[in-house]
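Reading the structure
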Amino acid sequence: MGRCNGRCTLVGFCCLQLVAALERQIFDFLGYQWAPILANFLHIMAVILGIFGTIQYRSRYLMMYAVWLVLWVGWNAFIICFYLEVGRLSQDRDFIMTFNTSLHRSWWMENGPGCLVTPVLNSRLAPEDHHVISVSGCLLDYQYIEVLSSATQIFLALFGFVYACYVSKVFLEEEDSFDFIGGFDSYGYQAPQKTSHLQLQPLYT
């Protein structure tokens, strides 16, 4: 029962991670955030690998899933630092999320709760084929929405990492102690010797 509880809990966290990653992938696609799109795709593949490893009792797959979660936590920590502009990071100067291919920002910048978008006409700040907008009235700025999303990913990843290590350890212990019931040891097997209870008596004629 304990093993089943651990496996079921891990599958549950993996499903939550999968739903959260798919939701994030949709909004990153809408905002043309190519770096997060690539990272989300790799994360979805890793989560599916973790689910498969848990169901099929594959400890190696769980180890790969756990290693990826460490990288995933680091990536989300970087996103938090980027949107909070920690250190020398700047959203106005660094367009890392789009691989410096466009000036697009997070989809939540214009579509956040309560946001009112007003186009600024005849602005000299706008490059070619771009327009300047003014966003006001947001109940929650897009930076904090992205930070909350990354914090949720980190929370799920930490729990997933702990349970992946636990379930993987259980699988490895079972593999080490595995033996066929009623079978034989491949190293110390000896064929049973037949014993006879018959005694030979001399035949007199």
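Residues numbered from 1 in each chain as written. Predicted model: local features only at pLDDT ≥ 70, side-chain atom pairs only at ≥ 80, totals over all residues. Heavy atoms only, no water.

Where an unreviewed UniProt entry is consulted, the protein appears under the name Sodium/potassium-transporting ATPase subunit beta-1-interacting protein, with the organism given as Taeniopygia guttata. You can read under Subunit (unreviewed entry) in the UniProt record for the protein the words "Interacts with atp1b1 C-terminus." (UniProt positions renumbered as here; feature names shortened; annotations may be inferred.)

**Some details on the overall build of the protein**
The helix and strand tally for the protein stands at five helices and two strands. Going residue by residue from the N terminus, the α and β elements of the protein occur as α-α-α-α-β-β-α. Put simply, of all contacts in the protein between residues at least 6 apart along the chain, 66% involve residues at least 24 apart. (Helix = DSSP H or I, 4+ residues; strand = E, 2+ residues; numbered from the N terminus. Contact = heavy atoms within 4.5 Å.)

**Topic: the packing of helix H2 (residues 34-55) against helix H3 (residues 59-83)**
The contact between H2 and H3 brings their axes to 9 Å, and the two run at 150 degrees. As the angle between them shows, H2 and H3 are arranged roughly antiparallel. Considering the relative orientation of H2 and H3, their crossing is left-handed. In terms of residue class, the contact of H2 with H3 is built from 16 nonpolar, five polar and no charged. (Axes fitted to C-alpha atoms, helices over the stretch in contact; angles between N-to-C directions. Parallel < 35°, antiparallel > 145°, perpendicular 65-115°, else oblique. Left-handed = near helix turned anticlockwise from the far one by under 90°. Nonpolar A, V, L, I, M, F, W, Y, C, P; charged D, E, K, R; others polar.)

**Observations concerning the nonpolar core**
Where a protein is soluble and globular, its nonpolar side chains tend to be buried together. Core analysis: the largest hydrophobic core is formed by 16 residues, its most contacted members being Leu 10, Cys 14 and Tyr 65. When contributions to this core are tallied by element, the ones reaching two or more residues are helix H1 (2-30), H2, H3 and helix H5 (142-176). In terms of residue count, H3 provides more of this core than any other element does, six residues in total. Not counting chain neighbours up to four residues away, the residues in contact with Tyr 65 comprise Leu 10, Cys 14, Gln 17, Ala 46, Val 47, Gly 50, Gly 160 and Ala 164. In this structure, Ile 80, Phe 82, Ile 145 and Val 147 belong to the second largest nonpolar core, which totals ten residues. (Core = buried A, V, L, I, M, F, W, Y, C linked by side-chain atoms within 4.5 Å. Buried < 20%, exposed > 50% of the residue type's maximum accessible area, 1.4 Å probe, protein only.)

**Considering H2**
With 22 residues, H2 should reach 32 Å at 1.5 Å per residue; the first-to-last C-alpha distance of 32 Å fits that figure. Following H2 by one or two positions, Tyr 57 has its phi on the positive side, about 60 degrees. (Expected span 1.5 Å × (residues − 1).)

**Details of the state of the cysteines**
Under the counting rule described, the total for this entry stands at one disulfide. A sulfur-sulfur distance of 1.9 Å marks the disulfide that ties Cys 115 to Cys 138. One disulfide, between Cys 115 and Cys 138, carries an S-S torsion of 125 degrees and so falls in the right-handed class. Here the residue Cys 115 occupies a position in the loop between helix H4 (108-111) and strand S1 (116-120), and Cys 138 occupies one in the loop between strand S2 (132-136) and H5, the gap between them amounting to 23 residues. Since its relative accessible area comes to 18%, Cys 115 is described here as buried. Looking at Cys 138, the relative accessible area reads 23%, which means it is partly exposed. Free of any disulfide, Cys 14 has its nearest cysteine sulfur in Cys 15, 7.0 Å distant. (Disulfide = S-S within 2.5 Å.)

**Some remarks on the packing of aromatic side chains**
In total, this model carries 14 aromatic pairs according to the counting rule given. Pairing Tyr 83 with Tyr 142 gives two aromatic rings, centres 6.3 Å apart and planes at 90 degrees, and the pair type is edge-to-face. Taken together, the residues span a long stretch of sequence, with Tyr 83 in helix H3 and Tyr 142 in helix H5 at a distance of 59 residues. For the pair shown, Tyr 83 and Tyr 142 are each scored as buried. Each residue in the set Trp 75, Phe 78, Phe 82, Tyr 83 and Tyr 142 is aromatic and connected to the rest through ring pairs, giving one cluster. (Phe/Tyr/Trp six-rings, centres within 6.5 Å; stacked < 30°, edge-to-face > 60°.)

**Overview of the UniProt feature "transmembrane region" (unreviewed entry) in the protein**
The feature "transmembrane region" (unreviewed entry), as given by UniProt, occupies residues 37-55 and 62-85 in the numbering adopted here. In the segment residues 37-55, helix accounts for 100% and strand for 0%; the C-alpha atoms at its two ends are 27 Å apart. In the segment residues 62-85, helix accounts for 92% and strand for 0%; the C-alpha atoms at its two ends are 34 Å apart.

**Topic: unusual backbone geometry**
Residue Tyr 32 is not a glycine yet carries a positive backbone phi of 55 degrees. For Tyr 32, a relative accessible area of 39% puts it in the partly exposed group. A positive phi angle, near 60 degrees, is found at Tyr 57, a position not held by glycine. Along the polypeptide, Tyr 57 turns up in the loop between H2 and H3.

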